[in-house]
Amino acid sequence: MVRNERSVEGVLERIFRSAKATKTKGDVAKYIPELASVDPDRFAISVCLSDGRQLSAGDVSTPFSIQSVSKVFTLAIALGRRGESFWQRVGREPSTNAFNSLQELEVRQGIPSNPFVNAGAIVTTDTILAGSSPAEALAEILLFVQTAASDSGIRIDPSVAESEKLSGHKNWALAHVLAAYDNLAHSCELTLGTYFHHCAIAMTCEQLARSGRFLAGFDTGPQLVRASSVRLINALMLTCGHYNGSGEFAYRVGLPAKSGVGGAILAIVPGKASIATWAPGLDSNGNSLLGTAALEELSHAMGWSVFVRG
Ligand code: GLU
């Protein structure tokens, strides 16, 4: 079947209309006070195609907190540092408990299951801090995101970072457990301060879709990571990108993707598309409810899946 750009536009409009009409939207994250006030009726979807076109529907120009989607970029940076013993400090297995589980970290004796659960992402941030101040590390992360999205206007929202610093008790606990197992090279304050700030990067849906083009294999200028890293990152997004909801997401959508508690999802169709959705209401695993439904509909309509011939 020939599926052209026009048909993508039609599918996006249909998805936008049904998202707006849906009553069950999930709950916005409340444990970060600054995110609790986000309007649950917001919805946006944007798709970058291999021919350079970008098609979108909904609130695509409203910035939101990308939260854990930032872990994709920090992982990319950490993997780019040769000579690191990164994989001795972080596993590559899907998690069976919540994204901020202390129990899982304790059972695994301070070695997080994967780089996308909070404990794993905190270790990743700690890796990036080697030889840099927090300000330098954050500048490096922000530059990476700006380059990936071809937009130098992307910023960190300091009020979101501050909000999480004051209320993110589980993350403080995770950092201290990591330190107790000798799996943090920097202080909890420095590492978490940097982590909270990269989670607080604010982007629009269109910027977020563009930032994933390097993972779809599109040539967008400077090469951000090696091809071998793209393969690894996409594999981890598929198996771990939705925490303990990753199996369900793979079953329904069939694409590597990373969610954030701000309601964003970045999904990759290798060689074909980079897709971002934003719908702040979350399911019980902390993943965007309507974003997942939108990606399910889009991937089925377009025949996009890493498990079938497109
Ligand atoms: N900053 C959030 C936290 O550490 C990220 C979690 C997420 O987006 O899934 O709890």
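In this text the structure is predicted, and so the values were computed from the model without any measurement.

Across its full length, the protein holds 15 helices and eight strands. Since a compact globule built from 310 residues should have a radius of gyration of about 19 Å, the 18 Å found for the protein is in line with a globular shape. Counting only C-alpha atoms, the protein reaches 55 × 40 × 35 Å along its principal axes. Looking at the protein as a whole, 55% of its 310 residues qualify as buried. Within the protein, residue pairs in contact and separated by at least 24 positions form 70% of the contacts whose partners lie at least 6 positions apart.

As a further point, take the sheet that holds strand β3 (residues 64-65). Sheet architecture is open: three strands sit in the order β3-β5-β4, paired in antiparallel fashion. The open sheet terminates on both sides in strands that have one partner only, identified here as β3 and β4 (155-156). Where β3 lies against strand β5 (residues 201-203), two bridges are found, and the strand directions are antiparallel. The partner of Phe64 across the bridge, within β5, is Met203. Helix α7 (residues 134-149) rests against β4 and β5 of the sheet, and its axis sits at about 15° to β5.

The next thing to look at is helix α6 (residues 118-128). Burial analysis of α6 places eleven of its eleven residues in the buried class, which makes it a mostly covered element. Of the residues making up α6, those classed as buried are Asn118, Ala119, Gly120, Ala121, Ile122, Val123, Thr124, Thr125, Asp126, Thr127 and Ile128. Close packing links the buried residues of α6 with α3 (70-80), α4 (86-89), α5 (102-107), α7, α9 (169-180) and α10 (188-199).

In the vicinity of the ligand, the contacting residues are Tyr31, Gln67, Ser68, Phe99, Asn118, Glu164, Asn171, Tyr195, Cys199, Tyr243, Gly260 and Val261. Within the side chain of Gln67, a nitrogen or oxygen atom sits 2.5 Å from a nitrogen atom of the ligand. Here a nitrogen atom of the ligand and a side-chain polar atom of Glu164 are 2.8 Å apart. When isolated, the ligand has an accessible area of 300 Å², and the protein chains bury 100% of it. Broken down by class, the residue content of the shell around the ligand amounts to six nonpolar, five polar and one charged.

On to the side chain of His242, then. With respect to the helices and strands, the residue His242 is situated in the loop between α13 (227-240) and α14 (246-252). Of the residues examined, His242 reaches a relative accessible area of 2% and is grouped as buried. If sequence neighbours within four positions are ignored, His242 has contacts with Phe249, Ala257, Lys258, Ser259, Ile265 and Asn287.

Summed over all chains, the structure comprises nine aromatic pairs. Between Tyr31 and Phe99 the ring centres are 6.2 Å apart and the planes differ by 45°, which places this aromatic pair in the tilted class. Taken together, the residues Tyr31 in the loop between α1 (5-21) and α2 (33-36) and Phe99 in the loop between α4 and α5 connect sequence positions 68 residues apart. Here Phe99 falls in the buried class, since its relative accessible area comes to 11%. Through a chain of ring-to-ring contacts, three or more aromatic side chains come together here, namely Tyr31, Phe99 and Tyr243. Here the basic side chain of Arg92 rests over the ring of Trp87, its NZ or CZ set 4.9 Å away from the ring centre. Directly above the ring of Tyr243 sits Lys258, whose terminal nitrogen or CZ lies 4.2 Å from the centroid.

A word on the side chain of Ser259. By secondary structure assignment, the location of Ser259 is in strand β6 (residues 257-259). At 2.6 Å, the side chain of Ser259 and the side chain of Asn287 are in polar contact. Dropping the residues within four chain positions of it, Ser259 is found in contact with Ser68, Val69, Gly241, His242, Tyr243, Ala264, Ile265, Gly286 and Asn287.

Quick notes on the rules
Residues numbered from 1 in each chain as written. Predicted model: local features only at pLDDT ≥ 70, side-chain atom pairs only at ≥ 80, totals over all residues. Heavy atoms only, no water. Helix = DSSP H or I, 4+ residues; strand = E, 2+ residues; numbered from the N terminus. Rg over C-alpha atoms; globule rule 2.2 N^0.38 Å. Buried < 20%, exposed > 50% of the residue type's maximum accessible area, 1.4 Å probe, protein only. Contact = heavy atoms within 4.5 Å. Pairing = 2+ DSSP bridges. Axes fitted to C-alpha atoms, helices over the stretch in contact; angles between N-to-C directions. Near = heavy atom within 4 Å. Polar contact = N/O pair within 3.5 Å; in protein donor to acceptor, adjacent residues only side chain to side chain. Areas by Shrake-Rupley, 256 points an atom, 1.4 Å probe, with all protein chains shown as cover. Nonpolar A, V, L, I, M, F, W, Y, C, P; charged D, E, K, R; others polar. Phe/Tyr/Trp six-rings, centres within 6.5 Å; stacked < 30°, edge-to-face > 60°. Lys NZ or Arg CZ within 6 Å of the ring centre and 35° of its normal.

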